[in-house]
Amino acid sequence: MARTGLTSDEEAAVLRSAPSRHPRLPSVHIVSQTALATGLIETFGQKAVMDAIRDVLDDARAREVMLTADEAAQAAASHIAVSQVSGVKVVYNLTGTILHTNLGRALLAEEAIEAADKAMRNTIALEYDFTGGGRGERDDIVRDLLCRLTGAEDATLVNNNAAAVLLTLNTLAEGRTVIVSRGELIEIGGAFRMPDIMASAGAQLVEVGTTNRTHFRDYENAITAETAALLKVHTSNFRIEGFTKSVSAGELSTLANEHNIPLVDDLGSGTLISLSEFGLPDEPTVSKALSAGADLVTFSGDKLLGGPQAGFIVGRCDLIASINKNPMKRAMRVDKIRLAAIEATLRLYQYPERLTARLPTYRALSRDIDDIRACANRLAPHMAACVGAHFSVEIGACESQVGSGAVPIATLPSLGFVIRAACSQHEGRALQGLANAFRSLPAPVIGRIKNQAFILDLRCLEDEEDFIANLERLVTTGGSGDRGAGPT
Ligand SMILES: *Cc1c(COP(=O)(O)O)cnc(C)c1O
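By the naming in an unreviewed UniProt entry, the protein chain goes by L-seryl-tRNA(Sec) selenium transferase and is assigned to Hyphococcus aureus. Its UniProt record gives the protein chain a comment under Cofactor (unreviewed entry), which states: "pyridoxal 5'-phosphate".

Put into structure tokens, the structure is as follows:
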């Protein structure tokens, strides 16, 4: 009985099949007078409780089952309890992917959380010019910081990088053409396909080169009077290796300048600092892309930058001014809560050596392997006890990755639990069952299955105590008879 959200046991207890063809149900009024319903009304109000009772009685009537007033009130209480469960479910990301798009990407720094909190609780000067008392620009809150950190002349921001690309192309190239290499016509998960974004922006895509090789002359030959911009796109989530050729931003910038058209560089993740100190290959920083000659650079707020979702556009003053005048900008603007969090996140970059301590993304990236090992050793006995005798648990090496299309092929050595089925028969099914059991925990634990093992990478696990308490609720199928913990 999905509508009341009861388990089958509860349902059986609450609802008795009515042998009579004339089941007589109590009225809504009578049910609402029960002690339970009176209490519910005090907490949730008249409307919600009456609606729940009505639903329960309608359902019972439709199914020709009999209910007493107390049973109906009980069912209504369950109904309300289900509606109280938040859709925002906290999970443990033990996938090894630090910035997991499906798990919400970057976690915010405490400073950013405090700033967002302050902005939520207070009236703030969002678009207020203190010198004249008139109207200011909301982007001013972060413009100077963005310019200082990237070396850009000017900066603006919108909801996310997809919007930044869309807005940039629409402003520069609506009704005209934009030249892109075939090797850079990427699709990012969640329906971001460069050709589609281009079409939505009203710009016509001119593809040049081939999948693996694009030459300077390909761009050169494609330029016409209709060309509004050259676009370079970071091939975020893949690498083509072997017989390849692409044209650097520097070379493209020369070509763009010669023809007096802007060069736009969509960096995707983008980063404000070099990644080499984390043992990762260097991603182009925003300032490098600008000094290579890009007229505009777009990048995300919640990828390597480690902030909330946002899309930044930095570069030439005159182009940013046109972008800010585009009515589409108004539809993509960032609210005060995120602006506050973005500003606080960007401020942390003023002191780069503090980043690994302050920004969760960099903390995870730079986490020491010995620290991860110590965590694994502390958790191992709990893990072994929880999965039961049908599985073996080992601490083993695994590879973390950055995720969200940043440095796609580089990995960071990490450690985690490598859990295998004790019996090789049906091991695939046993591991799937185990992964399901972890996913069904009150705070779901998300790992991955690889090489006949369920792997839980511990790089992103910080709160061990809560993790252990959560783990005690694990119910493994096939292994449930072995252990004391009851069903949740
Ligand atoms: C991730 C990415 C985007 C989209 O950015 P969002 O902030 O997710 O909207 C666009 N372009 C590239 C190259 C990307 O990697």
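Okay, back to it.
In this section: helix 20 (residues 464–471). For helix 20, every residue scored as buried is listed here: Glu-464, Phe-467, Ile-468, Asn-470 and Leu-471. End-on, the buried residues of helix 20 take up no more than an arc of 160°, which puts them together on one face. The inward-facing, buried residues of helix 20 contact strand 3 (92–93), helix 18 (369–387), helix 19 (427–439) and strand 15 (445–446). Of the residues flanking the start of helix 20, the one acting as N-cap is Asp-463, its side-chain oxygen 3.4 Å from the backbone nitrogen of Glu-465.

What follows deals with the sheet that holds strand 10 (residues 263–268). On the basis of which strands lie adjacent, the open sheet formed by seven strands has the order 4-12-11-10-9-5-8 and mixed pairing. Every interior strand has two partners, whereas the edge strands, strand 4 (154–158) and strand 8 (204–208), have only one. Shown here is a sheet whose adjacent strand axes are inclined to one another by a mean of 25°, direction ignored. Taken together, the five bridges between strand 5 (residues 177–181) and strand 8 define a ladder with parallel strand orientation. In the strand pairing of strand 8, Val-178 is matched with Leu-205.

What follows concerns the site of the ligand. Surveying the vicinity of the ligand reveals 14 residues, the closest of which are Ala-162, Ser-236, Asp-266, Ser-300 and Lys-303. Between the ligand and Arg-105, the relevant distance is 2.9 Å, taken from an oxygen atom to a side-chain nitrogen or oxygen of the residue. Here Ala-162 contributes a backbone N or O atom positioned 2.8 Å from an oxygen atom of the ligand. Computed on the free molecule, the ligand has an accessible area of 380 Å², of which 94% lies beneath the protein chains in the complex. Those elements giving two or more residues to the shell around the ligand turn out to be helix 8 (161–173) and strand 10.

Cross-referencing UniProt, the feature "modified residue: N6-(pyridoxal phosphate)lysine" (unreviewed entry) maps to Lys-303 in the present numbering. Among the secondary structure elements, Lys-303 is positioned in the loop between strand 11 (296–300) and strand 12 (311–315). Filtering out sequence-adjacent residues up to four positions away, Lys-303 remains in contact with Leu-99, Arg-105, Ala-106, Gly-268, Ser-269 and Ser-404.

Time to look at the nonpolar core. Judged by nonpolar contacts, the single largest core of 46 residues is most densely connected at Leu-280, Val-297, Phe-299, Leu-346, Tyr-349, Tyr-362 and Leu-365. When residues of this core are traced back to their parent elements, those giving at least two are helix 7 (140–150), strand 4, helix 12 (286–291), strand 11, strand 12, helix 15 (336–348) and helix 17 (360–365). Looking at which domains feed residues into this core, each of domain 2 (87–106 + 360–488) and domain 3 (110–358) gives three or more. Not counting residues within four places of it along the chain, the set of residues in contact with Tyr-362 comprises Thr-271, Ile-273, Leu-275, Phe-278, Leu-304, Tyr-349, Leu-355 and Thr-356. The next biggest cluster of nonpolar side chains, apart from the first, holds 31 residues, and it includes Leu-379, Ala-380, Ile-419 and Ala-421.

What counts and what doesn't
- Numbering of residues begins from 1 in every chain and follows the order in which that chain's sequence is written.
- Only residues with pLDDT of 70 or above have their local features reported here, since the model is predicted, and side-chain atom pairs are shown and tallied only from 80 upward, although totals for entire chains, interfaces and linings are computed over all residues.
- Hydrogens are left out, water is left out, and the side-chain values use all remaining heavy atoms of the structure.
- UniProt positions are given in the numbering used here, feature names are shortened, and annotations may be inferred rather than shown by experiment.
- Burial classes follow relative accessibility: with a 1.4 Å probe on protein chains only, a residue under 20% of its type's maximum area counts as buried, one over 50% as exposed, and anything between as partly exposed.
- Starting at the N terminus, helices and strands are each numbered in turn, a helix being any DSSP run of H or I of at least four residues and a strand any DSSP run of E of at least two.
- To obtain the arc, one takes the directions from the helix axis to the C-beta atoms.
- Note on contacts: a residue pair is in contact if any heavy atoms of the two residues lie within 4.5 Å.
- Whenever a nitrogen or oxygen atom comes within 3.5 Å of another N or O atom, the pair is scored as a polar contact, on the condition that within protein one atom can donate a hydrogen and the other can accept it, and that pairs from neighbouring residues in sequence are kept only if both atoms are in side chains.
- A pair of strands is labelled paired if DSSP reports no fewer than 2 bridges between them.
- Axis definition: a line fitted to C-alpha atoms, over the contacting stretch in the case of helices. Angles run 0 to 180 degrees between N-to-C directions.
- Nearness is defined per residue: one heavy atom within 4 Å of the molecule or strand is enough.
- Accessibility throughout is a Shrake-Rupley quantity obtained with a 1.4 Å probe, and a residue counts as covered only by protein chains that appear here.
- Among the buried residues, those of types Ala, Val, Leu, Ile, Met, Phe, Trp, Tyr and Cys that are joined through side-chain atoms within 4.5 Å form a nonpolar core.
- What fixes the domain bounds is an automatic or database domain assignment.

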